[in-house]
Amino acid sequence: MSRFWSPLVHDLKPYVAGEQPVMADIVKLNTNESPYGPSPRALEAIQAAATDALRLYPEPTSLKLREAIAKREGVKPDQVFVGNSSDEVLALVFQALLKQEKPLAFPDITYSFYPVWSQLFGVTTKIVPLDAAMRINVADYGDDCGAIIFANPNAPTGIALPRAEIEKLLQAHPDIPVVIDEAYVDFGAESAVRLIDRYPNLLVTHTLSKSRALAGLRVGVAIGSRDLIDALERVKDSFNSYPLDRIAQAGATAAYEDEEWFQASCAKVIASRERLTAELLALGFDVLPSKANFIFASHPAHKAADIFKALRGRAIIVRWFDKPRISDRLRISIGTDAECDRLVGALREILRWNEPGRRTD
Ligand SMILES: *Cc1c(COP(=O)(O)O)cnc(C)c1O
């Protein structure tokens, strides 16, 4: 608290990101990064961009990058918006599209940044509970909302809605902005991008941080009708004219041009996810059906918080959310098979040692 702060700052409840711990020989499965690293062509392009030209401002609209994204996604470059991470793109989306007279609707369990931006930008909200199976039910989004946002696959559940369900939602809400955050779509879900020409109120966001292994480069994407993209461009140009630096534009463009590397690493993550899911089921865990690069698991006989701490003691970092409805679960990012094996080995020990009869708490 300080008398120098703007009044708004006193009440902010900032987003708490997963930790980036510094430990020896760590298995880091807590922030859904890729275990495989970016395309070697992206790394080359990044190195090649580190020249004297950095004294000049970058191209403000990231045209080359938008062209590469448009080509890959089957849309026009002017239907693509890019920003310095999808978190930044989403923050602009909240200001440009989601602050309406009626409240913004989103699930009780979804990306926990949405309530933070709502507070920061003064957006009123309508929280719509997931059903008992932790699924989004599109029929639950009644007509008393001014906009809708959720992640698909949802986070941290990993559960994906089929495109047909998204289309039902769009048909039921033709007059309000609907934003689908597809941060994890590349791990087996159906993208809504192909619906944008039929639904001018649909905006889809993507990130290079997960499936393209460039969390450190900070590049995010929005795809939608000209009308929606125009709103984002207006807010962007009222906030930061050059959100993507020269290095980010070069690396992100090359990453989009290397479809082969992208497909191969997504396929490896999906295969490891299925393998890890089977192993956790064999250990007695309940695992939600995931189409993301993480799984969300609980154990009927062991507290998630206890398992979390015991794993941390073995330098294996996963994510535990101390929040209603999900505090019995752990969100585990998919690592390499070797990392998943270390996790499973540790869990075997922990479950044995931490048997209910032997608990001390
Ligand atoms: C990781 C994530 C983002 C943010 O991605 P960045 O581009 O790294 O900011 C957005 N939405 C969801 C649901 C995510 O999990």
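In the block above lies the structure referred to throughout.
In this report, the structure presented in the accompanying data block is examined. Everything quoted here is computed from the prediction, not taken from an experiment.

### A look at the sheet that holds strand 8 (residues 220–224)
(1) Moving on: In spatial order, the strands read 2-8-7-6-5-3-4; together these seven strands make up an open sheet with mixed pairing. Looking along the sheet, the strands with just one partner apiece sit at the ends: strand 2 (80–83) and strand 4 (125–128). Going from strand to strand, the sheet's axes swing by 20° on average, the running direction of each strand aside.
(2) Moving on: Direction of pairing for strand 2 relative to strand 8: antiparallel, over a ladder of four bridges. Along strand 8, the bridge assignment pairs Val-82 with Val-221.
(3) Moving on: Set on the sheet, helix 4 (residues 86–98) makes contact with strand 2, strand 3 (104–107), strand 5 (147–151), strand 6 (178–181), strand 7 (202–207) and strand 8; between it and strand 7 the angle comes to about 165°.

### Remarks on the sheet that holds strand 9 (residues 286–287)
Each strand in a sheet pairs with its neighbour through backbone hydrogen bonds, running either in the same direction (parallel) or in the opposite one (antiparallel).
(1) Moving on: If you walk across this open sheet you meet the three strands as 9-10-12, and the pairing is antiparallel. Each edge of the sheet is formed by a strand with only one pairing partner; in this case those strands are strand 9 and strand 12 (329–333).
(2) Moving on: Bridge count between strand 9 and strand 10 (residues 294–298): two bridges; the pairing is antiparallel. In the strand pairing of strand 10, Val-287 is matched with Ala-297.
(3) Moving on: Sheet contacts for helix 9 (residues 259–282): strand 9, strand 10 and strand 12; angle to strand 10, the most-contacted strand, approximately 5°.

### So, the site of the ligand
(1) Moving on: Near the ligand the following residues occur: Ser-85, Ser-86, Asp-87, Tyr-111, Asp-181, Ala-183, Tyr-184, Thr-207, Ser-209, Lys-210 and Arg-218.
(2) Moving on: A distance of 2.7 Å is found between an oxygen atom of the ligand and a backbone nitrogen or oxygen belonging to Ser-86.
(3) Moving on: Asp-87 has a polar backbone atom sitting 3.0 Å from an oxygen atom of the ligand.
(4) Moving on: When its residues are assigned to classes, the shell around the ligand shows three nonpolar, four polar and four charged.

### Quick look at the environment of Asp-286
(1) Moving on: With respect to the helices, strands and loops of the structure, Asp-286 is situated in strand 9.
(2) Moving on: In this structure the C-alpha to C-alpha distance between Asp-286 and Ala-315, which are 29 residues apart in sequence, comes to 23 Å.
(3) Moving on: When sequence neighbours within four positions are dropped, the list of residues in contact with Asp-286 reads Phe-296, Ala-297, Ser-298 and Arg-329.
(4) Moving on: Reaching out from Asp-286, the side chain makes a polar contact with the side chain of Arg-329 at a distance of 2.5 Å.

### Here we look at unusual backbone geometry
(1) Moving on: With omega at -5°, the peptide bond leading from Asn-152 into Pro-153 counts as cis.
(2) Moving on: Its place among the elements puts Pro-153 in the loop between strand 5 and helix 6 (163–172).
(3) Moving on: Positive phi outside glycine occurs at Asn-32, with the angle close to 60°.
(4) Moving on: Within the secondary structure layout, Asn-32 lies in the loop between strand 1 (27–28) and helix 2 (40–48).
(5) Moving on: You can call Asn-32 buried: its relative accessible area is 1%.

Analysis parameters
Within any chain, residue numbers begin from 1 and follow the written order of that chain's sequence. For a predicted model such as this one, the threshold for reporting local features is a pLDDT of at least 70, and the threshold for listing and counting side-chain atom pairs is 80 or more; totals across whole chains, interfaces and linings nevertheless cover every residue. Only heavy atoms go into the side-chain values, all of them from the structure, while hydrogens and water stay out. In this scheme, strands are said to pair when DSSP sees at least two bridges between them. We count a stretch as a helix when DSSP gives it H or I for four or more residues in a row; a strand needs E for two or more, and each element gets its number in order from the N terminus. Between the N-to-C directions of two axes lies an angle of 0 to 180 degrees, each axis being a line fitted to C-alpha atoms and, for a helix, fitted only over the stretch in contact. Should any heavy atoms of two residues lie within 4.5 Å, those residues are counted as being in contact. If a single non-hydrogen atom of a residue is within 4 Å of a molecule or strand, that residue counts as near it. What qualifies as a polar contact is a pair of N or O atoms within 3.5 Å, subject to a donor-acceptor requirement within protein and to the restriction that residues adjacent in sequence count only when both atoms come from side chains. Three categories are distinguished: nonpolar for Ala, Val, Leu, Ile, Met, Phe, Trp, Tyr, Cys and Pro, charged for Asp, Glu, Lys and Arg, and polar for the others, with Gly belonging to the last. Residue burial is assigned from relative accessible area. The probe radius is 1.4 Å, only protein chains are included, and a residue is buried under 20% of its type maximum, exposed over 50%, and partly exposed in between.

Purely spatial values, then, with no claim about function.
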